[in-house]
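Spelled out from the first residue to the last, the chains are:
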Amino acid sequence: MSIEILEEHRCFDGVLKVCRHASQATGTDMRFSAYVPDGDGPFPVVTWLSGLTCTEENFTTKAGAYGTASALKLIVIAPDTSPRGEGVANDEAYDLGQGAGFYIDATEKPWAPHFKMQSYITEDLHAVIAANFPADMSRHGISGHSMGGHGALTLALKRPDLYRSVSAFAPIVSPTRCPWGEKAFTAYLGSDREAWKAHDACLLIEGGAAKGHFDEILVDQGLGDNFLEKELKPELLEEACGKVGQGLTLRRQPGHDHSYYFIQSFMADHLTFHADRLKR
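First, a word on scope: everything that follows refers to the structure included in this document.

Turning to the environment of Tyr188, a few remarks are in order. Within the secondary structure layout, Tyr188 lies in helix 5 (residues 179-189). Using a relative accessible area of 1% as the deciding quantity, one classes Tyr188 as buried. Between the C-alpha atoms of Tyr188 and Asp40, which are 148 residues apart in sequence, the distance is 42 Å. In terms of polar contacts, Tyr188 uses its side chain to reach the backbone amide nitrogen of Gly97, at 2.9 Å.

Set out below in structure tokens:
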């Protein structure tokens, strides 16, 4: 469970560390950033999952999260989006392979040996944070953007024993019904669409996965997002939550696109949302 600290920076009233460690799940080294506020802790934790093409660096340098995290006394973790390196399968397209792990465990060749991002996030990374930081892992929230919003929603729904709060920015809410998800799931999980259902937030919610676990799910979606109608389809999440009476705050933000300018505009709201639930 040891880590190598690659960078360390004073930031607001806390320290940001960029770390590397060996992952049993992926069979590779993995990187993540960790912001730790000053004090003895243990502190609640929010894990952030980034979107397609991103590494841990995108959130770390662009989200503007750490002033709020410092004030709220939250640890914020941002892992990479996929395994990387020599011998790790890849694809020329931006939406498959390295940078596009989709937070699932692949079962198909050539992806299966390394693309185990569900196990990495919920097992390896979880254990590493618990062992190396003043973290209260019983008070753990999860959030993310786009592909990472899909990951945050589905991992929270599948592992409510690990996560007490969940939010997302412009999430892929139903990857079984959009081109990004169909492409990735066919590659990683095979052509049997029944196997895909366990990784679709809308279908999980309709099946009762959120019941008794999450009082509210917070989602922000920009109305100027180029991917809104074809890939993201937030109305499907509204429909799923409505069918089972799941609390959902879906905020449609006029003029906002899919970028980190959108994310940084509402990051403080999301961290406050998590802090309110994790400190109960």
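After that view, the rundown keeps rolling.
A word on the environment of Ile3. Locating Ile3 in the fold gives a position in the segment before strand 1 (4-10). On the accessibility criterion, Ile3 (21% relative accessible area) is partly exposed. Along the primary structure Ile3 and His150 are separated by 147 residues, whereas in three dimensions their C-alpha atoms are 27 Å apart. In contact with Ile3, not counting residues within four places along its chain, are Cys19, Arg20, His21, Phe32, Val128, Asn132 and Phe133.

Before going further, it helps to examine empty space enclosed by the protein. Going through the model one piece at a time under the given rule, you end up with two cavities of 30 Å³ or more. If you trace the largest cavity, you find it lined by Val46, Trp48, Phe59, Val76, Ser143, Ser167, Met267, His270, Leu271 and His274. Looking at the lining of the largest cavity, the elements with two or more residues in it are strand 4 (43-49) and helix 9 (260-278). Counting residues per element, the lining of the largest cavity draws most heavily on helix 9, at four residues. The calculated volume of the second largest cavity comes to roughly 30 Å³. Around the second largest cavity, the lining residues are Thr47, Ile121, Leu125, His126, Ile129, His140 and Tyr163. The leading source of residues in the lining of the second largest cavity is helix 3 (residues 117-132), at four residues. Class assignment of the residues belonging to the lining of the second largest cavity gives a composition of four nonpolar, three polar and no charged.

Parameters and conventions
Residues numbered from 1 in each chain as written. Predicted model: local features only at pLDDT ≥ 70, side-chain atom pairs only at ≥ 80, totals over all residues. Heavy atoms only, no water. Helix = DSSP H or I, 4+ residues; strand = E, 2+ residues; numbered from the N terminus. Buried < 20%, exposed > 50% of the residue type's maximum accessible area, 1.4 Å probe, protein only. Polar contact = N/O pair within 3.5 Å; in protein donor to acceptor, adjacent residues only side chain to side chain. Contact = heavy atoms within 4.5 Å. 1 Å grid on protein atoms, 1.4 Å probe; cavity = no way out; pocket = protein on both sides within 12 Å on 5 of 7 lines; lining within 4 Å. Points joined across faces, edges and corners; volume = space filled by probe spheres on them. Nonpolar A, V, L, I, M, F, W, Y, C, P; charged D, E, K, R; others polar.

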